[in-house]
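# Descriptive analysis of the structure
The residues making up each chain are set out below.
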Amino acid sequence: MSGLQGVGLLLLWGSACLWLPGLARGALVISGDREALQETRGAAKSLQKRSTNEAKVEVYSVKVDCTVTSRFAHTVTTSRALNKANSSQEIFFEMELPKTAFIVNFSMEIDGEVYVGEVKEKEKAKKQYEKAVSSGKTAGLVKASGRKMETFSVSVNIAAKSNVTFILTYEELLQRKLGQYEILTRVKPKQPVQEFQIVTNIYEPQGLSYVDAHATFLSNELLPLVVKTVTDNKAHISFSPTMDEQRKCPNCDGTLIDGDFVIKYDVKRAKNLGDVQIVNGYFVHFFAPLDLQRVPKNVVFVIDRSGSMGRGKMDQTHEAMLVILKDLHEEDHFALIQFDDSIDVWKESLTKATNENVAEGMEYVRTIQPIGVTDINSGVLRGVNMLLKDRQEKKLPERSVDMIILLTDGMPNHGVTSLPAIQENVQSAIGGNMSLFCLGFGNDVDYSFLDVMSKQNKGVARRIFQGSDAAIQLQGFYEEVASPLLSEVDLRYPVNTVDSLTTNQFTQLYNGSEIVVAGRLMDNNLDNFMVEVFGQGFEVDFQVRGQASALDWDVMYPDEEYIFGDFTERLWAYLTIQQLLEKSKSGAPEEKANATAKALDMSLHYSFVTPLTSMVVTKPDTEDGPDSPLIADKLTEEQRQQAERVAHRYAPPSYNPSHAPTYLVDGDPHFMIELPDRDDALCFNINDKPGTIFNLVRDPTQGILVNGQIIGDKKIAPDGNINTYFCRFGIKHQTLGVKLEVSTQDISVFQDGKRVTLLWSDTASLKGPNVDLFLTKDRSLTVTLKDSVKFVILLHKVWEKHPYHRDYLGFYTLDSHLLSPSVHGLLGQFYHGIEYEVSDLRPGEVPEKPDATMSVKGQELNVTRGWQRDFRSDLKNGRNVPCWFVHSNGTGLIDGDATDYVVSGLFKTV
């Protein structure tokens, strides 16, 4: 069948992927003879079985092996494939890894020869990178992938009958948040893989208090395949499904495995001193004492109410603040300040968080509305002055923690607008007397500005991604800092015994977090390795002192050949580099330069890919001559934000995504897939002759079928355009024995040999054991199938005497996650997500509608930024939703060709 290049076989894994065929950025791609990739139309009707290249490439192994030792995670991914074709193939290797991780090694083995990546100073690698780009060849990439991950990708040309092995290694120090550590592995194999395995081993000498493993894609059938063995100080977790167990259905190539594999755990904590481990000349100290009473906090919420906080942001701020205020403890004090180009305060002083005051504060929050422009300088200084004044007048508990939480979404454009001046003003006013936390909402805010200002004032900055869960993100951040346990924490070690110490003084220790300090031992005399910790607690000062001793790994883990015995040194190096990178952003010019130079030197010494270094991968020569090297960089948060700004540059202000994905077809007929987790949407049109019936949704597992018939205009308009629309829908639930036929005139329900007819001119509600219907007169029909999906059908009524147009229907899917993984159809194939990347923005035929390149399903498509309309909230005008428009009846985006979805009857299958 023609047009099937985009339905290739994804061979590796989502963290590592192989795509067939065609060239695509950011995936592992096999490209060869395109003519050989075509199927005949006679074999086109099975939309679940699309692989045409199984004889070309065989992927026989994908493994992820993660070893965590004292919170330091070392992950090795190995992917193996064989090019069985008679010609060479270009393969892209792609791997998603946590954005907090550093790549430490990448290698390719091709027919017994190994090509190893080398970490170099970024500036020295830059010329090689620019040469690769200018020559028109795909340079190696590291790009943002959602909020927590980033993608590493390289490509290589593989000769006929050759093997290739890709090995990527990365490391990170796991951070304790809300009382647990998290190991996140993104799993997106796209197709079943012969040998697929995730293995994680956790070694924690303190002992494990609990270990939990789950995945977003685990079904009842896959759940038993997660094997977990936990002893006192060791855990082994594995997941290794067979090819048949990976399949969505017995005879299809789709895979059930698509999402995040997550392991969460915590360790036992028996001593107030914490845990000190000494291995191979380095030590690491983990400090998170038990049973400390929380310290009261005095928090001023400074909320941006400028006009840009519209578009749903302020509603989400309301939602989050109401929960946050309700969670305040009675001994806490709080204040509320709202600002744009003027400032309004709830009360002139901080108020104790009694039930009555919290309720009053919640009412005040509900009144905050976005109106003006942004004066960050005045808003923050007002909060600082309020805290200083109350502290001076002794209105606040002596042993309490002062903090300001700033929430803003934009750049200062009123009052003091110079970013360095604002930072200087705020730092001078705070004077080290409180912590400033900055929450940057969306893509317009200057995150670097907020990040530096927070670090200058004993706080941190956090990006709040605009989406349906923004309120949850706000609440989650607040929970991390809501319960201070100690302030002014000082961890001390023998002066003559250690050097190269990481940061050992901290403003606060919060409940559920952990302080980590590492250092290098000057000698091996551990007889006097005394550790002391000081801090200010709720009622009394905290002080603890104890003797640390070396840990003998051979005794504690006698049966294990430990994978990297220098983990304490690498943990120390990782932590030191992270802290030096933070210091390089703020402080005096000489201090920043020294921190940068030291971080670069350590990055090179330990082969870490950091924002200061790049990994250069020298690929083998091709038949056409030497190929360009690939360059892999480490993204900064600012670079991630800039990429998102480009992707969302053309989104109009009216767009506010729903809380869940919506899949719809409305208009001429326009298909649209809303993706709120990416704040984006995809769309395409289908053109065919009037009377054609298309399959929209088919779930063979649940027995659900939805077909739609199109109708044309009454006659051709003077401009020659021929429009078609959906005029009838057939909905069938085979298992429940229910059928509905919906037309522009009426709705017929068939069940148990009986027929019930409803007219659009009525408002009616019909509740049954298997289906519920709710009809709004001349507007909408909501169909809810028992314990399953919900459909909404809209009636568009046209003036009866209109010379060309006639009434038509729109179709919307809600709760699509309740359908099985085997669901398909023109709309149904997207219900469980679609992977794509957009790059190379360029001017289009219309200035406000730029073109771009979309990498999807193993090929690159030319797409156009446009708008489609969602009519649910406004049946007359609709709501403009920006989307990437895929031309030619969605070719390349949909599986197969649009004609493959044509059926012979309203209740017939493909």
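Let me begin by describing the structure that accompanies this report. (Residues numbered from 1 in each chain as written. Predicted model: local features only at pLDDT ≥ 70, side-chain atom pairs only at ≥ 80, totals over all residues. Heavy atoms only, no water.)

### Looking at the sheet that holds strand 26 (residues 498-499)
The condition is simple: In this description, strands pair whenever DSSP reports at least two bridges between them. Here a strand is any run of E in DSSP of at least two residues, a helix any run of H or I of at least four, and the numbering for each starts at the N terminus. Two residues qualify as a contact provided that any one of their heavy atoms is within 4.5 Å of a heavy atom in the partner residue. Lines fitted to C-alpha atoms define the axes, with helix axes restricted to the stretch in contact, and inter-axis angles between N-to-C directions lie between 0 and 180 degrees.
In space, the four strands of this open sheet follow the order 16-17-28-26, with antiparallel pairing throughout. Of all strands in the sheet, those bounded by a partner on one side alone are strand 16 (275-279) and strand 26. Two strands pair when backbone bridges link them, and strand 17 (residues 282-287) and strand 28 (residues 515-521) are joined in this way by six bridges, in the antiparallel orientation. Residue pairing in the sheet places His285 in a bridge with Val517 of strand 28. Of the strands in this sheet, strand 16, strand 17 and strand 28 touch helix 10 (residues 567-583), which is tilted by about 115° from strand 28.

### Section: the packing of helix 6 (residues 419-430) against helix 7 (residues 447-455)
Note the following rule: Between 65 and 115 degrees an angle is taken as roughly perpendicular, under 35 as roughly parallel, over 145 as roughly antiparallel, and anywhere else as oblique. Note on convention: near helix rotated counterclockwise from far helix by under a right angle means a left-handed crossing. Clockwise means right-handed. Classification used: nonpolar for Ala, Val, Leu, Ile, Met, Phe, Trp, Tyr, Cys and Pro, charged for Asp, Glu, Lys and Arg, polar for all others including Gly.
Relative orientation of the contacting elements helix 6 and helix 7 amounts to 20°, with a least axis distance of 10 Å. Taken together, the axes of helix 6 and helix 7 are roughly parallel relative to one another. Classified by chirality, the crossing of helix 7 by helix 6 is right-handed. Contacts between helix 6 and helix 7 pair Leu419, Ile422, Gln423 and Val426 from the former with Phe449, Val452 and Met453 from the latter. Partitioned by chemical class, the residues of the contact of helix 6 with helix 7 number six nonpolar, one polar and no charged.

### Focus: the sheet that holds strand 30 (residues 541-547)
Read from one edge to the other, the open sheet built from four strands follows the order 27-25-29-30, with strand pairing classed as antiparallel. Two strands bound the open sheet, and with one partner strand each, they are strand 27 (505-510) and strand 30. Averaged over all pairs of adjacent strands, the angle between their axes in this sheet comes to 25°, without regard to strand direction. Alignment of strand 25 (residues 484-492) against strand 27, held across five bridges, turns out to be antiparallel. Pairing of Pro484 across the sheet is with Tyr510, part of strand 27.

### With respect to unusual backbone geometry
Residue Glu488 is not a glycine yet carries a positive backbone phi of 50°. The backbone phi angle of Asn889 is positive, close to 60°, even though this residue is not glycine. By the element assignment, Asn889 lies in helix 13 (residues 887-890).

### Details of empty space enclosed by the protein
Quick reminder of the rule: With a 1 Å grid spanning the protein atoms alone, the term cavity applies to any set of points in which a 1.4 Å probe fits but cannot get out, the term pocket to an open set with protein on both sides within 12 Å along at least five of seven lines, and the term lining residue to any residue with an atom within 4 Å of a point. Grid points are joined across faces, edges and corners, and a volume is the space filled by probe spheres set on the points.
Using the criterion set out here, one finds three cavities of 30 Å³ or more in the structure. One number sums up the size of the largest cavity: a volume of about 110 Å³. Counting only elements with at least two residues in the lining of the largest cavity, the list comes to strand 18 (297-304), helix 3 (313-326), strand 22 (401-408) and helix 8 (470-481). For the lining of the largest cavity, the element with the most residues is helix 3, which contributes four residues. For the lining of the largest cavity, the per-class residue count stands at twelve nonpolar, one polar and no charged.

### Section: helix 4 (residues 355-366)
Using the following cut-off: An expected span of 1.5 Å times one less than the residue number is assigned to each helix. Per-residue accessibility, obtained with a 1.4 Å probe over protein chains only, is compared with the maximum for each type, and a residue is labelled buried under 20%, exposed over 50%, and partly exposed between these values. Each C-beta atom gives one direction from the helix axis, and the arc is the one those directions make.
The end-to-end C-alpha separation of helix 4 is 17 Å, in line with the 16 Å expected for twelve residues at 1.5 Å each. When helix 4 is considered as a whole, its buried residues turn out to be Asn357, Val358, Gly361, Met362, Tyr364 and Val365. Buried residues of helix 4, viewed axially, fall in a sector of 160°; they line one side. Along helix 4, the residues that are exposed and aim more than 90 degrees away from the buried face are Asn355 and Glu356. Of the surrounding elements, those touching the buried residues of helix 4 are helix 3, strand 19 (333-339), strand 20 (343-345) and strand 21 (351-352).

### Structural notes on helix 8
In this model, helix 8 (twelve residues) spans 18 Å end to end at C-alpha, consistent with the 16 Å of a helix rising 1.5 Å per residue. Where helix 8 is concerned, the buried positions are Ala470, Ala471, Gln473, Leu474, Gln475, Phe477, Tyr478 and Val481.

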